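Summary of the model geometry
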Amino acid sequence: DGGITQSPKYLFRKEGQNVTLSCEQNLNHDAMYWYRQDPGQGLRLIYYSQIVNDFQKGDIAEGYSVSREKKESFPLTVTSAQKNPTAFYLCASSTQGYSNQPQHFGDGTRLSIL
Amino acid sequence: GQNIDQPTEMTATEGAIVQINCTYQTSGFNGLFWYQQHAGEAPTFLSYNVLDGLEEKGRFSSFLSRSKGYSYLLLKELQMKDSASYLCAVREDSNYQLIWGAGTKLIIKP
């Protein structure tokens with residue numbers, strides 16, 4: 001079955017530690033996205049990538065980094081510079097070229113501070 | 001600026017009909033999406049509107065008025081499993097990014 005796989009489901013970060021969230025898709029989508037979701041707020045875009053080896057900052061990129069070395073993979077690193085990382089992180093992907101195509105989401109990673 | 005407004009929470013009765021509204025103010029418009037999100041899970045796509053009017057898909061329908069910056073999601077014959085948050089998202093232009101509302105939490109009572 002085609003879909004988006006995020007891992008791990010739960011992640012705990014210690015002070016000063018960088019952690020990496022995995023996102024893999026087998027939908028052959030060109031575009032991939034990382035969102036952060038906090039209670040009572042809409043999804044906020046962290047980074048997005050429309051093609052391999054290229055990515056752009058979203059609205060809240062500070063304290064995060066990404067890479068897009070393969071079409072299928074778009075890992076997100078939460079660095080120690082992100083002072084409030086506790087949130088639900090969602091990865092999404094979509095096709096390009098057709099505006100009616102929705103974004104498809106993985107099951108999310110819940111990150112907490114130890 | 002960009003702004004999408006939805007009610008924070010709504011309550012409805014099993015078997016009834018509920019309408020969830022979404023108003024938006026964006027610099028451009030290239031489509032509006034509705035998603036359903038159960039607690040702790042991923043959002044799942046429900047509907048897409050880009051032209052004015054009603055799109056019907058089984059028990060769910062979505063309406064759009066571009067001149068009013070307004071959309072609603074209509075859920076009929078409510079079931080307990082419809083208890084979830086409903087997210088409205090607007091695509092401003094052709095870069096495929098979405099602007100998201102905070103979501104409406106729908107509580108279904110027996």
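Quick note: structure is the one above.
Presented here is a report on the structure given in the accompanying data block. All values derive from a computational prediction rather than experimental measurement.

1. Considerations on the nonpolar core
- Judged by nonpolar contacts, the single largest core of 21 residues is most densely connected at Ile4, Leu32, Trp34, Leu75, Leu78, Tyr86 and Leu106 of chain B.
- Those elements giving two or more residues to this core turn out to be strand 3 (18–25), strand 4 (32–37), strand 7 (60–65), strand 8 (70–75), strand 9 (84–91) and strand 11 (104–109) of chain B.
- Apart from the residues within four sequence positions on either side, Leu32 of chain B is in contact with Cys22, Tyr24, Ser47, Tyr48, Asn49, Leu64, Ser71, Cys88, Ala89 and Val90 of chain B.
- Ranked by size, the runner-up nonpolar core spans 20 residues in total, among them Leu11, Cys23, Ile46 and Ala61 of chain A.

2. Things to note about the layout of surface pockets
- In this structure, the largest pocket occupies an estimated 540 Å³ of space.
- Lining the largest pocket we find 26 residues, and of these Gln37, Pro39 and Gly40 of chain A together with Gln37 and Ser85 of chain B sit closest to its centre.
- Elements with a contribution of two residues or more to the lining of the largest pocket: strand 9 (87–94) and strand 11 (109–113) of chain A together with strand 9 and strand 11 of chain B.
- Counted as a void, the second largest pocket has a volume near 340 Å³.
- For the lining of the second largest pocket, the secondary structure elements donating two or more residues are strand 5 (44–51) of chain A together with strand 1 (3–5) and strand 10 (98–100) of chain B.
- Considering only residue class, the lining of the second largest pocket consists of 8 nonpolar, 6 polar and 4 charged.

3. Digging into the side chain of Asn49 of chain B
Residue and element names in this part refer to chain B.
- Along the polypeptide, Asn49 turns up in strand 5 (residues 44–49).
- Residue class for Asn49 comes out buried when judged on its relative accessible area of 1%.
- There is a polar contact of 2.6 Å between the side chain of Asn49 and the side chain of Ser62.

4. A word on unusual backbone geometry
- Going from Ser7 of chain A to Pro8 of chain A, the amide bond is cis rather than trans, its omega being -10 degrees.
- Residue placement: Pro8 of chain A occurs in the loop between strand 1 (4–7) and strand 2 (10–13).

5. Focus: the environment of Tyr96 of chain B
Residues and elements named next belong to chain B.
- Within the fold, Tyr96 resides in the loop between strand 9 and strand 10.
- In this structure Tyr96 comes out as buried when scored by relative accessible area, which is 12%.
- For the pair Tyr96 and Asn30, spaced 66 residues apart in the sequence, the C-alpha separation amounts to 8.8 Å.

6. Some details on the pattern of salt bridges
Residues and elements named next belong to chain A.
- Taken as a whole, this structure holds 6 salt bridges over all chains when the rule is applied.
- The residue Lys71 makes a salt bridge to Asp30 at a minimum N-O spacing of 3.5 Å. Of the two residues, Lys71 is situated in the loop between strand 7 (64–66) and strand 8 (76–78) and Asp30 in the loop between strand 3 (19–25) and strand 4 (31–37); the sequence distance between them amounts to 41 residues.
- Here Asp38 ties to Arg36 by a salt bridge, and the two come within 2.8 Å at their closest N and O atoms.
- Its relative accessible area of 12% is what places Asp38 among the buried residues.
- If you follow the salt bridges from partner to partner, you end up with Arg36, Asp38 and Arg44 in one network.

Rules of the game
- Residues numbered from 1 in each chain as written.
- Chains lettered and ligands numbered in written order.
- Predicted model: local features only at pLDDT ≥ 70, side-chain atom pairs only at ≥ 80, totals over all residues.
- Heavy atoms only, no water.
- Core = buried A, V, L, I, M, F, W, Y, C linked by side-chain atoms within 4.5 Å.
- Buried < 20%, exposed > 50% of the residue type's maximum accessible area, 1.4 Å probe, protein only.
- Helix = DSSP H or I, 4+ residues; strand = E, 2+ residues; numbered from the N terminus.
- Contact = heavy atoms within 4.5 Å.
- 1 Å grid on protein atoms, 1.4 Å probe; cavity = no way out; pocket = protein on both sides within 12 Å on 5 of 7 lines; lining within 4 Å.
- Points joined across faces, edges and corners; volume = space filled by probe spheres on them.
- Nonpolar A, V, L, I, M, F, W, Y, C, P; charged D, E, K, R; others polar.
- Polar contact = N/O pair within 3.5 Å; in protein donor to acceptor, adjacent residues only side chain to side chain.
- Salt bridge = Lys/Arg side-chain N within 4 Å of Asp/Glu carboxyl O.

As far as function goes, none of this settles anything; it's purely spatial.
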